[in-house]
Amino acid sequence: MTPLALPFASELKRIAPLFFEMSMSTFSDLGLSESIVRAVAENGYTTPTPIQAQAIPAVIKGGDLLAGAQTGTGKTAGFTLPILERLLRSTNLAKNKTDRRSIRVLVLTPTRELAAQVEESIRTYGKHTPLNSGVIFGGVGINPQIKLLKNGVDILVATPGRLLDHHQQGTIDLRHVEILVLDEADRMLDMGFIHDIKKVLAILPSKRQNLLFSATFSDDIKALADRLLDNPAMIEVARRNSTVEVISQKVHPVDRDKKHPMLAHLIKTQAWSQVLVFTRTKHGANKLVEQLIKDGINSMAIHGNKSQSARTKALAEFKDGSLTVLVATDIAARGIDIDQLPHVVNYDLPNVPEDYVHRIGRTGRAGATGEAVSLVCVDEFKLLADIEKLIKRPIPQEIIDGFIPDPHAKAQPIQLRSFPNPGQSRGRSGKPQGKGASPSAAGKRPTAQHNSPRRSGGRGS
Ligand code: AMP
């Protein structure tokens, strides 16, 4: 494999300038067959998004791809459509329903939710083709998956841990994989999946097409891309509405122990009906849900320790509007596609500034306006400064009546998410998230001090 000197994101932009508008081409112009274009049209999409306009021809051509794109850009169709096209065009199609199918495409995702969503997209877009797909992830019984694999699938979507479980049990045959997709590769690395990914790579046939999607380009991602990709096409796009400009952002300064009453107050007085709330830890998510339920606010939590059925139920109720508040950790929320979410609340600021952008990008999707509110206590001033540095602008602050923070409050260390649960059926090597997190002795919870004083500037109101 040719080592690749990967450019930084800024250089990628030069190679493939940022597009904020939808492209002018049609899906047929991009080289997709009628059966695929028809399914896309039935799904209500007529114009490819920028990533689709660039990725679809590149993938159909057959080369490797490195794409910088987040959820919300239309990236899933950006790889599923040309993959379906490639399989359709190839001669290895099963001639009839009794032919044994082999896995020709493997899509790896970091979370169960994303895996399920990607597979649903494949089914939607491939419904007029003879191709089929399946999904496997941890946290649910393995037997139905064994049956699925035995029956044969053309395109398999999987989380890495469960995929390796199947490999160890000899219930999966990956010898015919022609295309590998690593979706949200940065998040997979954040979740400690690098060893699992390396194991999977070692099992796959060496001659294959590789597509790597990542929202960020850390050194680890560059190293992975160097190892994986051969002379890839490179694309980077901004999410259609991620640009922080279109989302109204606000910080409400608050005392550490007043966050919960403040949230309940905001939900009730402002009649919020659909709120996605982010907490730093799973424990924090559970505790907040208990408190909100006591306040009479319909809430559920979604995180790696919840069973798959509980997560699916919470998500379904939240999507259909019957659940007011969904409390999530970053990992659980990653990849969840909820359109037109009016309110996102950062109950805790994230340890990693980039997560702030991912979080607030969940509001105002599909062109709707959204509001992102952060409840910030004295412990989080340094995190806030890091976020403002990243987004290159201060976030307006507003003190809520009855919640004036104690000006003499002292910062305390923040409990970091020490060993993120990768959402698998068994323990995986996890690495602590965020700076300040140190992989200290197992079981010991690292903490970090984020207590730099807020720079002065009189932005509070
Ligand atoms: P993704 O980035 O793949 O998570 O997609 C984000 C959202 O955009 C999903 O709800 C898709 O169904 C939707 N979407 C994908 N392609 C298009 C398109 N060409 N036009 C409008 N919406 C799209």
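What you are looking at is a predicted structure, and each value in this text was computed from that prediction instead of being measured. (Residues numbered from 1 in each chain as written. Predicted model: local features only at pLDDT ≥ 70, side-chain atom pairs only at ≥ 80, totals over all residues. Heavy atoms only, no water.)

**Q** Quick question: what am I supposed to make of the sheet that holds strand 8 (residues 247–253) here?
**A** Strand pairs in the sheet, formed through backbone hydrogen bonds, run parallel or antiparallel to each other. Pairing in this open sheet of 6 strands is parallel, and the strands run 8-13-12-9-11-10 from one edge to the other. At either end of the open sheet lies a strand with only one pairing partner, and these are strand 8 and strand 10 (299–302). Going from strand to strand, the sheet's axes swing by 20° on average, the running direction of each strand aside. For strand 12 (residues 343–346) and strand 13 (residues 370–376), the ladder comprises 4 bridges, and the chain directions are parallel. When the bridges of strand 13 are listed, Val 344 appears paired with Ala 372. Taken strand by strand, helix 12 (residues 282–294) contacts strand 9 (275–278), strand 10 and strand 11 (325–328), and its axis lies near 175° from that of strand 10. Docked against the sheet, helix 15 (residues 353–360) engages strand 8, strand 9, strand 12 and strand 13, running at close to 155° with respect to strand 12. (Pairing = 2+ DSSP bridges. Helix = DSSP H or I, 4+ residues; strand = E, 2+ residues; numbered from the N terminus. Axes fitted to C-alpha atoms, helices over the stretch in contact; angles between N-to-C directions. Contact = heavy atoms within 4.5 Å.)

**Q** I'm lost on the packing of helix 6 (residues 143–151) against helix 7 (residues 160–169) in this one. Help?
**A** Helix-helix packing: each pair is described by the crossing angle between the helix axes and the interaxial distance. It is at 12 Å that the axes of helix 6 and helix 7 come closest, and there the two elements cross at 70°. On the basis of their axis angle, the class for helix 6 and helix 7 is roughly perpendicular. Listed contacts from helix 7 to Gln 145, Ile 146 and Leu 149 of helix 6 are Arg 162, His 166 and Gln 169. (Parallel < 35°, antiparallel > 145°, perpendicular 65-115°, else oblique.)

**Q** It is not clear to me how unusual backbone geometry should be interpreted in this structure. Could you clarify?
**A** Backbone geometry follows two general trends: most residues other than glycine have a negative phi, and most peptide bonds adopt the trans configuration. Look at Glu 184: it is not a glycine, yet its phi comes out positive at around 55°. Structurally, Glu 184 can be placed in the loop between strand 5 (179–182) and helix 8 (185–190). In this structure Glu 184 comes out as buried when scored by relative accessible area, which is 2%. If you check the backbone angles, Asn 231 has positive phi at about 45° while not being a glycine. Tracing the sequence through the fold places Asn 231 in the loop between helix 10 (219–228) and strand 7 (233–236). Under the relative-accessibility criterion, Asn 231 is labelled exposed at 65%. (Buried < 20%, exposed > 50% of the residue type's maximum accessible area, 1.4 Å probe, protein only.)

**Q** Just to check I follow, could you spell out the sheet that holds strand 6 (residues 209–214) for this structure?
**A** Spatially, 7 strands are ordered 3-4-2-5-6-1-7 in an open sheet, and the strand pairing comes out parallel. In this open sheet, the two strands that pair with only one neighbour each are strand 3 (133–136) and strand 7. Direction aside, neighbouring strands of the sheet carry axes that sit 15° apart on average.

**Q** Any chance you could explain the environment of Gly 370 here in plain terms?
**A** Among the structural elements, Gly 370 can be located in strand 13. Taking the C-alpha atoms as reference, Gly 370 lies 6.6 Å from Leu 341; in sequence the two are 29 residues apart.

**Q** Which parts of the structure should I look at to understand the pattern of salt bridges?
**A** Two side chains with opposite charge may pair up if their charged atoms get near one another. Using the criterion set out here, one finds 23 salt bridges in the structure. Among the ionic pairs, Arg 89 bridges to Glu 85, the shortest N-O distance being 2.7 Å. Separated by 4 residues within a single helix, Arg 89 and Glu 85 lie in helix 4 (residues 75–89), roughly one turn from each other. One salt bridge in this structure joins Asp 173 and Arg 175, with 2.8 Å as the shortest N-O distance. (Salt bridge = Lys/Arg side-chain N within 4 Å of Asp/Glu carboxyl O.)

**Q** Would you take a moment to explain helix 16 (residues 381–391) for this structure?
**A** Think of an α-helix as turning once every 3.6 residues; residues three or four places apart then point the same way. Turning to helix 16, its buried residues are Leu 383, Leu 384, Asp 386, Ile 387, Glu 388 and Ile 391. Where the residues of helix 16 are buried, they touch strand 8, helix 15, strand 13 and strand 14 (414–415). Within two residues after helix 16, Lys 392 carries a phi angle of roughly 60°, on the positive side.

**Q** Would you take a moment to explain the confidence of the model for the chain for this structure?
**A** In this model, the chain carries a mean pLDDT of 81, and residues with pLDDT of at least 70 account for 78%. Confidence drops under pLDDT 50 across residues 1–22; counting only partners more than four residues distant or on other chains, this segment forms 46 contacts. pLDDT under 50 marks residues 418–461. Its contacts with residues more than four places away, or in other chains, come to 115 contacts. (pLDDT = per-residue confidence, 0-100.)

**Q** Would you take a moment to explain the environment of Leu 81 for this structure?
**A** Mapped onto the elements of the fold, Leu 81 is located in helix 4. With 45 residues separating them along the chain, Leu 81 and Ile 36 place their C-alpha atoms 7.2 Å apart. Among residues more than four places away in sequence, those in contact with Leu 81 are Phe 27, Leu 32, Ile 36, Val 40, Ile 56 and Tyr 125.

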